[in-house]
Amino acid sequence: MLKIIDKYILKRYLVTFSVMLLMFIPIGIVIDVSEKVNRMIENKVPFKEIALYYLDFTIYFANLLFPIFLFLSVIWFTSKLANNTEIIAILSSGISFSRFMRPYIIGATIISVFALIMSIFLVPSASAGFKSFRYKYLIGNGQNEVRDNSDVFRQISKDEYIFVSNFQEANQTAYNFSMEKFEGDQLKYKLIANRIKWNPKEKNYTLFNFTKRKVGVMGDIIETAERKDTVFNFDLEDLTPVVYIAETLPLNELHKFIDKEKARGSSNINTYLVVLYKKYSIPVSAFILTIIAVAVSAMKRRGGMGANLAIGIVLAFAFVFLDKVFGVLAEKSTAPPMLAVWTPNIVFGILALYLLRNAKR
């Protein structure tokens, strides 16, 4: 049963976190609009697609900065409790610090469940819409970035290779498609097309401006067509950029995709595993960051809320920095992805226990 003090703190916890989201997400949208409004006007983007993009942007942005929002919101309202001597009154009444932490842990549990549901059900589709809009209308946003993220070169079987660029999730179309088949070191044939489009109803692909060159001993045979429907032995996901596909697959499909890529011996498997493990590590970070925030801000300081917020901002960005560094380390090196993804939680978990022990004193 929740006591009055539990309801009071839990309400402050959830309300402050919600207000923090409602404050910073519009700021993020305004900044994004100011950066991209010229390209949207130049490309005559329909208002409906812009509205859907910013709905996806809101979910994507909230999930990306979830740890910072949570950490700062807990420090904010706990510092107010400390400055108003409410925490001193609570502890002086005989309530232990561990008992004082109960509503915070309940709040962290609610936020963790919410974050987990978002990462499983909402974030993949939001990420797909967010990435698709960027590649469709904002492709000029850094030629190197677009090329690095949207070009795909994959080995789909022992002797077959495919290449595409600029995949668009919205219409399931990729550009500059090519496919090569070898026998040993000898090229047997090569397909090229300006576009390749997946047809969900027919379960096949349509090639536009299609050319096939069969390599022969006496001479090559060339076949051309403006449009050709055909079936390939690769999936639509194989045309999707590495980071793009990992972020846009629901949890069950991501597990299946990872199993398939492991069977193929994919060199990008660590990238997929990082996305998978982060779905579980981010909700756990809610508990760790809550404990650190309470331990840091429960003490009344001479600098008041400003000092607590300064400490909180430094720790929050240190957490995000570690998370990004170890995520890239797992993707680009031989470091175990699970260990790399969970290292920030382990480091800050140890820090949380240390600060909590001192706070109890």
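Structure's up top.
Residues numbered from 1 in each chain as written. Predicted model: local features only at pLDDT ≥ 70, side-chain atom pairs only at ≥ 80, totals over all residues. Heavy atoms only, no water.

Another aspect to go through is unusual backbone geometry. Even without glycine at this site, T85 takes up a positive phi of about 55 degrees. When you line up the elements, T85 lands in the loop between helix 3 (66-83) and helix 4 (86-92). The partly exposed category is assigned to T85, whose relative accessible area is 36%. Even without being a glycine, K203 presents a positive backbone phi close to 60 degrees. Within the secondary structure, K203 is located in the loop between strand 4 (186-199) and strand 5 (204-214). Exposure remark for K203: the relative accessible area of 55% places this residue in the exposed category. (Helix = DSSP H or I, 4+ residues; strand = E, 2+ residues; numbered from the N terminus. Buried < 20%, exposed > 50% of the residue type's maximum accessible area, 1.4 Å probe, protein only.)

Following the sequence through the fold, L276 ends up in helix 10 (residues 269-297). Taking the C-alpha atoms as reference points, L276 and F97, 179 residues apart in sequence, are found 35 Å from one another. Leave out the neighbours within four places in its chain, and L276 touches L251, L254, H255 and I258. (Contact = heavy atoms within 4.5 Å.)

Here we take up the packing of helix 3 against helix 6 (residues 102-137). At their nearest, the axes of helix 3 and helix 6 sit 13 Å apart, and the two run at 160 degrees to each other. Accordingly, the angle class assigned to the pair helix 3 and helix 6 is roughly antiparallel. Taken as a pair, helix 3 and helix 6 cross one another with a handedness that is right-handed. Touching F66, L70, V74, F77, T78 and L81 of helix 3 are Y104, I111 and A115, all from helix 6. (Axes fitted to C-alpha atoms, helices over the stretch in contact; angles between N-to-C directions. Parallel < 35°, antiparallel > 145°, perpendicular 65-115°, else oblique. Left-handed = near helix turned anticlockwise from the far one by under 90°.)

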